[in-house]
Structure formats: C-alpha cells, structure tokens
Amino acid sequence: MLHFSRCQHLKQITRKYFSGIRVKMDKHTELFLSRPCALEELRRSWQSIHTLVGEKNIILMGPPGAGKTTVGRIIGQKLGCCVIDVDDDVLEKAWNMSVSEKLQDVGNEQFLEEEGKAVLNLSASGSVISLTGSNPMHDASMWHLKKNGIIIYLDVPLLDIINRLKLMKVDRIVGQNCGTGIEDLLKFRKHYYKKWYDSRVFCESGASPEEVAEKVLRAVKRYQDVDSETFISTRHFCHRDCAQKISTKFFSEAVLEGLASDGGLFVPEKEFPKFSSREWKSLVGATYVERAQVLLERCIHPADVPAARLGEMIEAAYGENFTCSKIAPVRHLSGNQFILELFHGPTGSFKDLSLQLMPHIFAHCIPPSCNYVVIVATSGDTGSAVLNGFSQLNKNEKQRIAVVTFFPENGVSDFQKAQIVGSQGENGRVVGVKSDFDFCQTAIKRIFNDSDFTGFLTVEYGTVLSSANSINWGRLLPQVVYHASAYLDLVSQGFISFGSPVDVCIPTGNFGNILAAVYAKTMGIPIRKFICASNQNNVLTDFIKTGHYDLRERKLAQTLSPSIDILKSSNLERHLHLIANKDGQLMTKLFDQLENQRHFQIEKILVEKLQEDFVADWCSEEECLAAINCTYNTSGYILDPHTAVAKVVADRMQDKTCPVIVSSTAHYSKFAPAILRALKIKEINQTSSSQLCLLGSYNVLPPPHKALLEKMKQQENAEYQVCAADVNVLKRQVEKLIQNQFTKRFSE
C-alpha cells in the first residue's frame, strides 16, 4: 500500500472547531428533546466525519485541464505539506507505464477499474491530493478518499477546459469512444463531480492558478469554520451594561424556527457573500439550475446542507415541474422594458421559485425526534404553492411534516380559492378565515410567540410549529436567484454588457420579492433602482416617500391584484434593519409602535438612505385594467393584474435611461374574470375552468398554463373549512390537524 505521512503544517489552516449549540429551554421543552439539541447531535456527527484537522487531506477534484496538479503544488508550498498527484505518484508508479499507455492497453472500462484499485491502495494524511479527471467515476475509491479528506471541486468554465486541452494537445480522455466529442463527455462527467464534492471553488474564466489556490484555502477554512455563518433576529439588542452574548442561530435552525422568539425575523449576522464581476460573467452562459447551485452554496453552509445534497434538491426543484426549461425566462416587452416571467411553476406564481425548493431544505434540516406543522398565511398565491411544494416530499417526510394554510375567505380570487382548496393532500389542509390577510399573518405570529401553546404541542404531541411565508429565511433566500439570473439573461441575450445598470419594478405587498432583489444587488448584481409598485393599498408607497408608516386611517381594500392586498409588510423590517446598521433596539421600538399605535416614523437620515435605492408609486384599478388592454393590443401579450400594476408604475417612474425588468409574479390564467373584463370580452358567468378555456382560445402570449387548466378541472368544488377571525379558533384548527395527521403522542 502506498503511504504518505501527514504534515503538521496543515494545522495552520484549522482555526475553529465545533462548539456546542447553546440550548435555551422553557418549562415545556425541558421535558422534550428540543430542536437545538437534536441539531447539536447532527453537528457532532458531522464533525466526526468531515472536520478538516491535522490528519485530513485536501483533495482537489475536477475535469482534465482544471489545473488540479498546479494548484495542488501551490497549496502544498504554502502549507509546507506533502503533495500527491494521482497520475504521477500513484498510477504510473503502480503500473510502471504512463497513463496514456495504460488507457490504450486496457480500454476505457477496464482502465477505470484498474485506476480505482490503485487509488484504494493509497494511504495518505495531512496531504494535498490532486485527483485524475476520471477518479470520481469509481465509487469505492472515492469513498476511500472521502473518509479522510475534504473534496474540493475546481469548477472551471467548459470553454477554458477545452482551450487548455487543445494547448496540452490532449485529443482523448478516459471514457471517450469513437464519435463522442470531448465537450459532450465533459458535460456528462459533471454529474460525477457533483456527487462527491464537499465544497466548490468557482473558477472564473481566466483565473490564475495562484488565484484558484487562494480560493481553495478560503473554501477549506469556510468548510471547517462551522460557526462562522450564523443568523440573528432583527430585534436583538443588548443594553450597554449587559455582557450578554448575541443569540445566534445556524441556517438550519433559522429555517425550522421561521420566526425569532422575540418576534423579529432572522437575518445573516454577517454580510451576504459577494461575487466578483469575473465570477458573474462566468455564469452568463449557465442554466438556471447551475446558477442556483453556485449562488445558494455560497449562502448555505455545508454543515447545514452539504453541497452535493443541496445540488440534488435544486435539480429536483427546477425540472419538468416547470413549463419552461429556462425556469424564469426574461422576455423583451417593448422599448427598454423586459418581463421576468416567474409563473412557469406548477401553481403559476413566483412563489413556486422558492417553494419547490424550500420544502426539501426544510425536510433535510428537521431533527429525527419530532414532527413539524408548517403554518402559512396566504394572500392568494402562497397557499397553493406551499401545499404543492410540501406534497412533493417523499412518503417518510410527509409523515412527519404537515401544512395548514389560512387564507382570507373573501380576499382571494375565485381561481386562487379553488386552487388553494384543491391543493389539499395527505399532509396539507386549508382553512378560510372570515377576515383579511393582515389578520391571518398577525394571528400566525401571535401563535408562534405563545410559548404556552407551542410548548403544549411539543409535550403533548411531539410537534413543533414553523412557517413557510417569506418571514422564513429558507423561503426568501431562493428568490435572490431569479433576480440575479434575470440580469445575466439580459447580458446573455446581448441587450446589455455586464456592469451596465438596470432598474427592477416589482409589485409589492409583503416586501419579500423586492427585498430578494436588494440581496441580489449586495451580491454584486448592478441594480440601480428598486421601483416598488403598489395597488390602492399603497402604504408602502407613502412610506418610501415620507418615512411614515401609518395604518391609523387605512382599511384594507380588495382589489384585482389580491396578492398585494397587504398593509403590514413583514419583510420591510429586514430592510430597515439592514439600512439602520442592524439596530435591533430601533426595530423593536418601531414595530412595537406599529403594533400598538398603528404607525411609526423613521428619522430623516434613514429616509434618505431608503430613497437612495427606492422609488415608489401606486396604480388604480382603472389604470390596471387599461394597462392589460393596451399591452395586449400593442404586443399580443397578456399581463396579470399584479404585473399590470408594476407596468403602470414603471411607465410612470422609470426614466428610460437604462433597461427596467418588470417582475411578472403570476400567470394571467389565475385572474380570468379581471382579464376578460380588461380585454372587454363578454364574461360568461361560468366556472373558473370554463373561463380559462375561453382565454385559451385566443392566440396570445404567454400561452395558456396547461398545468393550471388541467389541475383546475380536477379541483373545483373541493371541500374545506371556514373559521372565525379569532386567534384561539386558529389554534384549535392547528391542534385538530396535528391530532389527525400524527398518531404518535408524547407524554410527560
């Protein structure tokens, strides 16, 4: 067996080790294994396998031509440790011939087997190991290596690889048969690389070996520094004379808990990761799935969700369940206006872009010792998207995770109601509430903050509550991807060059969608202005213009764009926290005042900071209908009412000196009566599915959403429950779902 001794110098890059998760338990949860306890056990298990300490190896993986050998030597020199090149130091010594001679001698399949056997005989510690491009295709040898190392994937642009192979005069690689091009084979091999890596180093086009080596060392440090990426509440603060340590949560805990115990929302303790312009340019030709993997890996620590597992989730989330292979395509509408189509998911709204992924992340994060009920308030689109997303989990996961959705009984469109009700499944129920969305959302926050009730559920039923509204970080984070992807698509299509600014205009109710665009800008996407578009529930418009958030004389109006019929915009708190330099004491003061006095005023300096990036206006019902009609008559394109609101505001507020991307947040099929009215088509008082068929008979863009039509035919006249606008009644509905869903009960 080949053996390479460990190098003590590798310890230089080991800075931190796991620390136990501090557990704060109330009188109820003391009797039950809490979420933090369970997560601590998971992290300890992860530590024992994956933490890079003195005897572990740094293993460089990537296609031929990725620069593994050169980068490995640079890292070895920096750390003063042993460097092993599998080609030169293992294979050729074991075979007494060159790799190319061996390949020619035994052929592709036998070569992979012989190569794997040679690697199985490798014993190394504290070393830098550069793999061959074909090592990842042999499972047994990769498991052997992975047990004692961290695998770093050098993700080099395909064009760079091909050019390097040409310079190296390589015209054949392992696995290449007659008629198979190198480019096709390299694409095929990516599936193997994705299976094994612990951390990806995204190598922008033209990056030098020295730059890549520095990235590898940063990736290793991040990988082992599991306490470095934590979350805090927007309302956390310490008094001057208080030595209390900031209460932080890991990503997995933030996802499971949804809402912070002090009523605030979870935000990253540190800044968002930033991408260089060269890194962004390397993503211009990537698919949506590829972009999502690169971006989200930077935002989610592998201790919470391993990179390979995250990749599997992303591929499952954005596949054939979307009617467009581009997932979130950008379409040129007219002039400098572009439409970001966010309605190609299974329920026809932008919520699918996060809620096809978030349930998989949620299921991965839950500890093995309890069940979860996800409580959701919906103003129209979230409910069906949540129910659909969680219905995609596997059987075992659905037995431990249930969903209950509360919606305003008379505050959503007929189509939305039919869709929400019809989306009930084996692990999902819906309840209509005789009030508006603001009541539903506030009631859920009160339920979360009722420690007696949540403790009772934990002790009595072994069940914990969580959320899937955009107050949950796991729901908000995936939305960052489509804003970044939209900009990259404009670059890819030749409308702009990277670095040119764009504006975004977003129909806004709960502030989550537009906040995701803000986060995309912090990661390096050059967005100039955020245009906040409201309907006649225009509290955000007034706030952005004046800094005064005032609900005292406001009553929620029901409009043609019900998903933004919201007066209390939850995610605004996250943005104010950001621009107020994370002043949790101020957030507590402002939002307590909003709750108790129904208004608050921010200081002039914060108003000015807000207005540096934001402009806002609102749209009347008549203007909304006119925009739908005018756009259809001039371009043959049908806007849904929310998108029409955004277009009206974009026309009014944008100065046309740069492109503006208008977020189209729902398919028009969900609002057929409003569309028929706008297009002056005589509305026949029919079922929602009949109205969809009528719209489908017109030759329009975008085409009818076939999945919605087929689903609607199955969903009409489904049964559901309606309850009074009383928090205690909603609590009883939650407990009833738990009793019906989970048979396992816990006793003191």
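Since we're looking at a predicted model, the values are computed, not measured. (Residues numbered from 1 in each chain as written. Predicted model: local features only at pLDDT ≥ 70, side-chain atom pairs only at ≥ 80, totals over all residues. Heavy atoms only, no water.)

Q: Quick question: what am I supposed to make of the environment of I471 here?
A: Here I471 lies in the loop between β16 (463-467) and α21 (473-476). For the pair I471 and S570, spaced 99 residues apart in sequence, the C-alpha to C-alpha distance is 6.8 Å. Beyond its immediate sequence surroundings of up to four residues, I471 is in contact with G258, L259, L265, K445, S570, N571 and R574. (Helix = DSSP H or I, 4+ residues; strand = E, 2+ residues; numbered from the N terminus. Contact = heavy atoms within 4.5 Å.)

Q: Mind showing me how you'd approach the packing of aromatic side chains here?
A: Any aromatic ring pair is given by two values, namely how distant the centres are and how the planes are angled relative to each other. This structure, assessed with the given rule, holds 25 aromatic pairs. Taking 5.4 Å as the distance between ring centres and 65° as the angle between the ring planes, the aromatic pair formed by W95 and F111 counts as edge-to-face. In this pair, W95 is assigned in helix α3 (residues 86-95) and F111 in helix α5 (residues 108-120), connecting sequence segments 16 residues apart. On the basis of relative accessible area, F111 is assigned to the buried category, the value being 0%. Ring geometry for F188 and Y192: centres 5.6 Å apart, planes at 70°, overall edge-to-face. Of this pair, F188 and Y192 both sit in helix α8 (residues 182-196), 4 residues apart, which is roughly one turn of the helix. With a relative accessible area of 25%, Y192 lands in the partly exposed category. Through pairs of rings, three or more aromatic residues link up here, namely F231, F251, F272, W473 and Y519. One residue, R298, lies across the ring of F275, its end atom 4.1 Å from the ring centre. (Phe/Tyr/Trp six-rings, centres within 6.5 Å; stacked < 30°, edge-to-face > 60°. Buried < 20%, exposed > 50% of the residue type's maximum accessible area, 1.4 Å probe, protein only. Lys NZ or Arg CZ within 6 Å of the ring centre and 35° of its normal.)

Q: Which parts of the structure should I look at to understand the nonpolar core?
A: In globular proteins that are soluble, nonpolar side chains generally tend to be buried together. If you look at the biggest cluster of nonpolar residues, it comprises 119 residues, and the most contacted ones within it are W280, Y318, F362, F390 and L576. Ranked by the residues each element gives to this core, the list is headed by helix α22 (residues 479-492), at 9 residues. Grouped together as the second largest cluster of nonpolar side chains are 39 residues, L625, L639, V660 and L676 included. (Core = buried A, V, L, I, M, F, W, Y, C linked by side-chain atoms within 4.5 Å.)

Q: Before we go on, may I ask you to explain the packing of helix α19 (residues 437-448) against helix α33 (residues 727-741) in this structure?
A: How two helices pack is summed up by the angle between their axes together with the distance between the axes. Following both chains from N to C, one finds α19 and α33 inclined at 70°, their axes separated by 10 Å at the closest point. Taken together, α19 and α33 sit at an angle that is classed as roughly perpendicular. Viewed along their axes, α19 and α33 form a crossing whose handedness is right-handed. Only V727, L730 and K731 of α33 make contact with α19, whose side of the interface consists of F439, A443, R446 and I447. Among the residues forming the contact of α19 with α33, the class breakdown is 5 nonpolar, no polar and 2 charged. (Axes fitted to C-alpha atoms, helices over the stretch in contact; angles between N-to-C directions. Parallel < 35°, antiparallel > 145°, perpendicular 65-115°, else oblique. Left-handed = near helix turned anticlockwise from the far one by under 90°. Nonpolar A, V, L, I, M, F, W, Y, C, P; charged D, E, K, R; others polar.)

Q: What exactly am I supposed to notice about the pairing of strand β6 (residues 149-155) here?
A: Where a strand is regular, its side chains alternate between the two sheet faces. Among the 7 residues that make up β6, 7 are buried, leaving the element largely enclosed by the rest of the structure. The two faces of β6 match: G149, I151, Y153 and D155 on one face and I150, I152 and L154 on the other face are all buried. Looking at chain direction, strand β2 (residues 57-61) and β6 are connected through 5 bridges and run parallel. Bridge pairing links N57 to G149 in β6. Strand direction decides the pairing type here: β6 and strand β7 (residues 199-202), joined by 4 bridges, are parallel. Looking at the pairing, I152 lines up with S199 of β7. (Pairing = 2+ DSSP bridges.)

Q: Would you mind going over the packing of helix α12 (residues 288-299) against α22 with me for this structure?
A: Direction vectors running N to C along α12 and α22 enclose 125°, while the axes themselves pass 10 Å from each other. Taken together, the axes of α12 and α22 are oblique relative to one another. In this structure, α12 meets α22 at a crossing whose hand is right-handed. Between α12, through Y288, R291, A292, L295 and L296, and α22, the contact on the second element is made entirely by V481, Y482, A484, S485, L488 and D489.

Q: So what exactly am I meant to see when it comes to the sheet that holds strand β9 (residues 249-250) here?
A: Sheets are built from strands that pair by backbone hydrogen bonding, the pairs being arranged parallel or antiparallel. In space, the 3 strands of this open sheet follow the order β9-β8-β10, with antiparallel pairing throughout. Two strands close off the open sheet at either side, each with one partner strand: β9 and β10 (266-268). Inspection of the sheet shows strand β8 (residues 230-233) paired to β10 by 3 bridges, in the antiparallel sense. By the bridge assignment for β10, S233 is matched with F266.

Q: Would you mind showing me how to read the environment of K731 here?
A: Take K731: it is sitting in helix α33. Linking K731 and T454, residues 277 residues apart in sequence, is a C-alpha distance of 9.9 Å.

These figures come from the coordinates and say nothing about function on their own.
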